[in-house]
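Each chain, letter by letter, is given below.
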Amino acid sequence: MSASAADGLASLTPPFLVIGWGNELRGDDAAGCRVADAVEGWARHDVVVLLVHQLTPELIENIANARCVIFVDARAVPAGDPADVHVERLTPAPDSDVHAPVMGHHGSPAELVSLAGLLYGVTPEAWLVGVPAFDFQLGAPLSARAQAGVEAALERVKSMLTSRAA
Amino acid sequence: MAQRIVIDPVTRIEGHSKITIFLNDQGEVENAQFHVTQFRGFEKFTEGRPFQEMPSLTARTCGICPVSHLMASAKACDEIMAVRIPPTAVKLRRVMNLAQMVQSHALSFFHLSAPDFLMGMDSDPRARNILGVAAKFPEIAKDGIWLRKFGQQIVERLGGKRVHPAWVVPGGVSKPLSAEVRDQIVADIPQAVAVARRTLDWYKPAMAKFTEEIETFANFPSLFLGLVGPDGSLEHYDGFMRIVDSNRKIVADKLESSAYAHHIGEAVEPFSYLKSPFFKPLGYPGGIYRVGPLARLNVADRCGTPLADRELVDFRKLQAGAVLSSFHFHYARLIEIVFGIERLAELLGSSDILNPQVRAVANPNRSEGVGVSEAPRGTLIHHYKIDGDGLITWANLIIATGHNNLAMNRGITQAAKHFVKGSKIAEGALNRVEAVIRCYDPCLSCSTHALGQMPLHVVLQGPEGNVLDECVRG
């Protein structure tokens, strides 16, 4: 895509991108998708929401077109640790520090943001919201504690979008 | 003292495997083995399930090529129902099958193998990946990402999701194509053609830098197996099985899918969960054959679309008879991408593509069904038997990658003997041995089956095969 075409597209594209990912068949691993699902239900005109099974390079164009990207994923909580929502600012690592042993069909949020910078010269503000997750059994529904984490994560995402939309 | 070199895991492939290279007392490569270390068990745990569930169940064999399993499985179910599915349903299944082939080949070429071509086989492994390609060759990286997205979006638009779409069903497809979706797909075709053509434009001259690899990467005479259409043209969904030898002389032709077991046997080796299919008339292991893009271009008389056929003329100039070097799987993949895009355009332009009649409905009318299609990696066979209630009593899956098992083993031995020398093992030499496997773009998630317990047996062997040490579990 040419720079001018990319600029044109970016000006038409909503500034916020929320990407929720995880395996919806494995219990609390669906937490990221549940958050994204709920954000989509807000029907905000300034937010694009993507629900995906894995993070893949095909998301890079969407990332490059956003001003702010919020990744949402389940975060396995070790026993005894507090079950808080973690919010972390993502900083693309210098090229020399980035290792992508296999990026054919899954990558990390930081790798995708790095790739967007390399390919499109654009590195949007990027955040990772980790929803506390406890039970990853096959076929199990979201646990009650993970559901509570989803609600807390939604409050954080709403606050992030509101503060940046101003 | 004899040594073993172990590459574990093999990188930039789908699934898990390892390679063992056996050295003699002089430190020369004696032999090499390709071990597939995964356990799946689909043939066993699908017993007792209603046959109609098989497309959905077997699609879960893989997250990269689920569409291939949907195709072969649905065709096996069509046979059990004894139906001929509506013509529009055939076309729509072909559209999805071709789209998946384009995205799968794009993944293999750009993400998994292009780092070797562009960064160099001996380059720093930390940069020999898609990020390294993106840093040095951003336009090529963008092309690869775009082309894969093109194929995946077609699958998603037709089936509702990119991975494990539920749209291909026994009897046809679950819903017709809308004009809106057709137009969305067609709008992207010119760019897809442009990406495919400019990829060939840089790749073809780049092959000149890899003459040593071309000479030694699984370059040996073998049979080749693939589907062809009634007129002998390139085929991915239906048609007949054809086998040619290394002179491109037809050895067997117009083989009905349902009779595959008369021609193909399966052997088991103790060092891998991947079985070794072979051509029965020549026995095991003499009946070694290859499948996949290289094989398909060797068995077909023509592609059947204009741009792909023009590329096929150049491809055939590589060698009289069949093209034998497995390095040229990569070139064949690019030609198939061109073919896939051209054929997609033809299918979507046909007058009945929007016809709402897309599914035949019937109860079981046969107790057995075989479905054969071409997955991106090669010929895929699903064979089911059912009881009076329509429940699966037996299933056999011969997976594309499995057909290539003998060839992959022979290929890594050939490459190891050429590139691995002496007591100092260069990283580039080991990368080349791995790269032989990558030529085949194996999908090891699909191709392994085992029954019962999963034993683990590690053996250290001396040059005479004497056991120096071993441990056993299970």
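See above for the structure.
Keep in mind it's a predicted model, so treat the numbers as computed, not measured.

Draft legend 1. Inspection of the overall build of chain B at higher detail. Broken down by element type, chain B carries 16 helices and 16 strands. Accessible surface for chain B amounts to roughly 17600 Å². Of this, 52% is attributable to carbon and sulfur atoms.

Draft legend 2. Structural view of the sheet that holds strand β14 (residues 392-398) of chain B. All names here are of chain B. With antiparallel pairing, the three strands of this open sheet are ordered in space as β12-β13-β14. Each of the sheet's edge strands pairs with one partner strand only, and the pair in question is β12 (368-375) and β14. If you compare each strand with its neighbour and ignore which way they point, the axes differ by 15 degrees on average. Pairing between strand β13 (residues 378-386) and β14: six bridges, direction antiparallel. When the sheet's bridge partners are listed, Tyr384 is paired in β14 with Ala395. Relative to the sheet, helix α3 (residues 66-81) contacts β12 and β13, its axis offset from that of β12 by approximately 155 degrees.

Draft legend 3. Region of the structure containing the pairing of strand β8 (residues 250-255) of chain B. Residue and element names in this part refer to chain B. Here strand β7 (residues 240-244) pairs with β8 via three bridges, running antiparallel. When the sheet's bridge partners are listed, Val244 is paired in β8 with Ile250. Connecting β7 to the next strand, β8, in antiparallel fashion are five residues, including Arg248 with a positive phi near 65 degrees.

Draft legend 4. How the structure looks around unusual backbone geometry. Residues and elements named next belong to chain B. Note that the residue after Tyr284, namely Pro285, is joined by a cis bond; omega there is 0 degrees. Structurally, Pro285 can be placed in the loop between β10 (276-279) and β11 (289-290). Of note in the backbone geometry, Ala82 takes a positive phi value of approximately 60 degrees without being a glycine. As for its placement among the helices and strands, Ala82 is situated in the loop between α3 and α4 (87-119). Taking relative accessible area as the criterion, Ala82 reaches 41% and is therefore assigned partly exposed. One non-glycine residue, Lys254, lies in the positive phi region at around 50 degrees.

Draft legend 5. Representation of the sheet that holds β8(B) in the model. Read from one edge to the other, the open sheet built from four strands follows the order β8-β7-β6-β11 (chain B), with strand pairing classed as mixed. The outermost strands of the open sheet, each flanked by one partner alone, are β8 and β11 of chain B.

Draft legend 6. The packing of helix α7 (residues 179-206) of chain B against helix α12 (residues 329-348) of chain B, seen in detail. Residue and element names in this part refer to chain B. Across the interface, α7 lies against α12 with an axial gap of 9 Å and an inter-helix angle of 155 degrees. In terms of axis orientation, α7 runs roughly antiparallel to α12. When the axes of α7 and α12 are compared, the crossing they make is left-handed. Each of Arg182, Ile185, Val186, Ile189, Ala192, Val193, Ala196, Thr199, Leu200, Tyr203 and Lys204 in α7 lies in contact with α12, whose residues at this interface are His330, Tyr331, Leu334, Ile337, Val338, Ile341, Leu344, Ala345 and Leu348.

Draft legend 7. Spatial organisation of α3(B). Spanning 16 residues, α3(B) covers 22 Å between terminal C-alpha atoms, matching the ideal 22 Å at 1.5 Å per step. Within α3(B), 15 of the 16 residues are buried, which leaves it mostly tucked inside the rest of the structure.

Draft legend 8. Representation of the pattern of salt bridges in the model. Residue and element names in this part refer to chain B. The tally for this structure, following the rule as stated, stands at 33 salt bridges over all chains. Across the pair Lys75 and Asp238 runs a salt bridge, and its minimum N-O distance is 3.0 Å. With Lys75 in helix α3 and Asp238 in the loop between β6 (223-228) and β7, the pair connects residues that are 163 residues apart, well separated along the chain. Its relative accessible area of 10% is what places Lys75 among the buried residues. Residues Arg296 and Glu336 are paired through a salt bridge, measuring 2.6 Å at the closest nitrogen-oxygen approach. On the criterion of sequence distance, the pair formed by Arg296 in helix α10 (residues 293-299) and Glu336 in helix α12 is long-range, its members being 40 residues apart.

Draft legend 9. Seen up close, the nonpolar core. The biggest cluster of nonpolar side chains holds 132 residues, and the ones touching the most others in it are Phe71(A), Ile21(B) and Leu147(B). In terms of residue count, α4(B) provides more of this core than any other element does, 15 residues in total. Not counting residues up to four positions away in its chain, the partners in contact with Leu147(B) are Val102(B), Ala106(B), Phe110(B), Ala192(B), Val195(B), Ile337(B) and Ile341(B). With 23 residues, the next largest nonpolar core counts Val39(A), Val47(A), Val72(A) and Val131(A) among its residues.

Draft legend 10. Seen up close, the packing of helix α14 (residues 405-419) of chain B against helix α15 (residues 427-439) of chain B. All names here are of chain B. Here α14 crosses α15 at 160 degrees, and the two axes come no closer than 9 Å. With respect to their mutual orientation, α14 and α15 come out roughly antiparallel. For the pair α14 and α15, the crossing hand works out as right-handed. Here α14 contributes Met408, Gly411, Ile412, Ala415, Ala416 and Phe419 to the contact with α15, which in turn contributes Ala429, Arg432, Val433, Val436 and Ile437. Residue composition of the contact of α14 with α15, grouped by class: nine nonpolar, one polar and one charged.

Cut-off values and rules
- Residues numbered from 1 in each chain as written.
- Chains lettered and ligands numbered in written order.
- Predicted model: local features only at pLDDT ≥ 70, side-chain atom pairs only at ≥ 80, totals over all residues.
- Heavy atoms only, no water.
- Helix = DSSP H or I, 4+ residues; strand = E, 2+ residues; numbered from the N terminus.
- Areas by Shrake-Rupley, 256 points an atom, 1.4 Å probe, with all protein chains shown as cover.
- Pairing = 2+ DSSP bridges.
- Axes fitted to C-alpha atoms, helices over the stretch in contact; angles between N-to-C directions.
- Contact = heavy atoms within 4.5 Å.
- Buried < 20%, exposed > 50% of the residue type's maximum accessible area, 1.4 Å probe, protein only.
- Parallel < 35°, antiparallel > 145°, perpendicular 65-115°, else oblique.
- Left-handed = near helix turned anticlockwise from the far one by under 90°.
- Expected span 1.5 Å × (residues − 1).
- Salt bridge = Lys/Arg side-chain N within 4 Å of Asp/Glu carboxyl O.
- Core = buried A, V, L, I, M, F, W, Y, C linked by side-chain atoms within 4.5 Å.
- Nonpolar A, V, L, I, M, F, W, Y, C, P; charged D, E, K, R; others polar.

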